[in-house]
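# Structure at a glance
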Amino acid sequence: MINTFNYINSNIKRGIPITLGQIEVPKNKIKIDYPSYTISSREESQGYSSYRADSERVEVLANVFPVFLFAVAALVSLTTMRRFVEEERTNIGTFKALGYGNGSIAIKFLLYSTSAAILGASLGYTFLPNLIIKAYLASSTLGSDYQLNFAWGPLLISLIIALLATTAVSMLTLYQTLREKPVALLLPKPLKNGSRILLEHIPWLWKHMSFSAKVTARNIFRYKSRMLMTIFG
């Protein structure tokens, strides 16, 4: 039995026929290198696992953070609309004297507050997510091909709360002004009588405070909405 390839090659060159039965292939000398594969799931990817962990942290914060945002929005709306109404007292009195109803006068303030709520909710669901995801992907190994999917349930809830924090608060503020008579609205709003705050009842502390500190303390405690807005902010 022939067991060497050199002998076979020499016989072929000489023209000697070789049959398949004469050929013995040395099995121990045949080496076939099969490719090796490592299969890992998406969760084992470092970029994906880091992104998922960050998303879970943001999800936890999202359960608490909006409460403070809506509280601040309500306080800001209350303060802003109160100033807005006070600045428009003369115009409101003029319109009422000309025979305009409270509903016609309230439309201006209604559109102002409602547009702020709708615009804020729409930008919060479109502009901010795109801005945040682009900033995150700039330092990540994930691709830039992503798609935003809207959760209509939370969107409607956010819109309703935003309308309550802006429109409802502004209408309550406007309601107090609309109850007054046109003659009172055409006159400047009388200033409130000064009242002593709690710190003034502590003489040893009040005497050592500077003038600017006393003014600041009085403004903080007399305007409760501004104080709460500052604390929550």
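Look up a bit, the structure's there.
Residues numbered from 1 in each chain as written. Predicted model: local features only at pLDDT ≥ 70, side-chain atom pairs only at ≥ 80, totals over all residues. Heavy atoms only, no water.

## What to know about the overall build of the protein chain
Per the secondary structure count, the protein chain includes 10 helices and zero strands. Along the protein chain, from the amino end to the carboxyl end, the secondary structure elements read α-α-α-α-α-α-α-α-α-α. Taken over 233 residues, the protein chain has a buried fraction of 18%. Taking the contacts inside the protein chain whose residues are at least 6 apart along the sequence as the reference set, 66% of them involve residues at least 24 apart. Approximately 18200 Å² of the protein chain is accessible, and the part contributed by carbon and sulfur atoms is 64%. (Helix = DSSP H or I, 4+ residues; strand = E, 2+ residues; numbered from the N terminus. Buried < 20%, exposed > 50% of the residue type's maximum accessible area, 1.4 Å probe, protein only. Contact = heavy atoms within 4.5 Å. Areas by Shrake-Rupley, 256 points an atom, 1.4 Å probe, with all protein chains shown as cover.)

## Considerations on the packing of aromatic side chains
Summed over the entire model, instances satisfying the criterion amount to three aromatic pairs. Plain terms: the ring middles of Phe84 and Phe109 are 5.0 Å apart, the flat faces sit at 55 degrees to each other, and that makes the pair tilted. Here Phe84 is found in helix H3 (residues 65–87), whereas its partner Phe109 is found in helix H5 (residues 102–137), with 25 residues between them in sequence. Its relative accessible area of 2% is what places Phe109 among the buried residues. Aromatic pair Phe84 and Tyr112: ring centres 5.1 Å apart, planes at 50 degrees, arrangement tilted. In this pair, Phe84 is assigned in helix H3 and Tyr112 in helix H5, connecting sequence segments 28 residues apart. In textbook terms, an aromatic cluster arises when at least three aromatic residues are bridged by ring pairs, as seen for Phe84, Phe109 and Tyr112. (Phe/Tyr/Trp six-rings, centres within 6.5 Å; stacked < 30°, edge-to-face > 60°.)

## Some details on the packing of helix H4 (residues 89–97) against H5
The relative placement of two packed helices comes down to the angle between their axes together with the axis-to-axis distance. Between H4 and H5, the least distance of the axes is 10 Å, while the angle of their chain directions is 150 degrees. Between H4 and H5, the crossing angle belongs to the class labelled roughly antiparallel. For the crossing formed where H4 meets H5, the hand is right-handed. Contact residues: H4 offers Ile92, Phe95 and Lys96, while H5 offers Asn102, Ile105 and Phe109. Split into classes, the residues belonging to the contact of H4 with H5 amount to four nonpolar, one polar and one charged. (Axes fitted to C-alpha atoms, helices over the stretch in contact; angles between N-to-C directions. Parallel < 35°, antiparallel > 145°, perpendicular 65-115°, else oblique. Left-handed = near helix turned anticlockwise from the far one by under 90°. Nonpolar A, V, L, I, M, F, W, Y, C, P; charged D, E, K, R; others polar.)

## Some remarks on H5
The end-to-end C-alpha distance of H5 is 52 Å, a good match for the 52 Å that 36 residues give at a rise of 1.5 Å each. Gly124 marks where H5 bends most, by close to 40 degrees. Among the residues of H5, those classed as buried are Ile105, Ala106, Phe109, Ser113, Ala117, Ala121, Ile133 and Leu137. The secondary structure elements touched by the buried residues of H5 are helix H2 (46–62), H3, H4 and helix H6 (152–178). (Expected span 1.5 Å × (residues − 1). Bend = angle between axes of the 7 residues up to and from the residue.)

## Description of the side chain of Thr167
Tracing the backbone shows Thr167 in helix H6. Look at Thr167 and you get buried, because its relative accessible area is 12%. When residues no more than four places from it in sequence are discounted, the contact partners of Thr167 are Leu110, Ser113, Thr114 and Ala162.

## Here we look at the nonpolar core
Residues Met81, Phe84, Val85, Ile92, Ile105, Ala106, Phe109, Leu174, Leu178 and Leu185 constitute the largest nonpolar core, which totals 10 residues. Counting only elements with at least two residues in this core, the list comes to H3, H5 and H6. Contact partners of Met81, with chain neighbours within four places excluded, come to Phe109, Tyr112, Ser170 and Thr173. (Core = buried A, V, L, I, M, F, W, Y, C linked by side-chain atoms within 4.5 Å.)

## Some words on the pattern of salt bridges
Applying the stated criterion to the full structure yields three salt bridges. The residue Glu88 makes a salt bridge to Lys108 at a minimum N-O spacing of 3.4 Å. Residue Glu88 is located in the loop between H3 and H4, and its partner Lys108 is located in helix H5; the two are separated by 20 residues in the primary sequence. On the accessibility criterion, Glu88 (15% relative accessible area) is buried. Across the pair Arg89 and Glu180 runs a salt bridge whose closest N-O atoms are separated by 3.1 Å. A residue pair is termed long-range when its members are at least 10 positions apart, and Arg89 in helix H4 and Glu180 in the loop between H6 and helix H7 (182–186) qualify at 91 residues. Overall, the relative accessible area of 6% leaves Arg89 in the buried class. (Salt bridge = Lys/Arg side-chain N within 4 Å of Asp/Glu carboxyl O.)

## Quick look at the packing of H5 against H6
Relative to each other, H5 and H6 sit at 155 degrees, their axes nearing to 9 Å. One finds that H5 runs roughly antiparallel with respect to H6. H5 and H6 meet at a crossing whose hand is right-handed. From H5, Asn102, Ile105, Ala106, Phe109, Leu110, Ser113, Thr114, Ala117, Ile118, Ala121 and Tyr125 reach across to H6, where they touch Pro154, Leu155, Ser158, Leu159, Ala162, Leu163, Thr166, Thr167, Ser170, Met171, Leu174 and Leu178.

The values reported here are purely geometric and, on their own, carry no functional implication.
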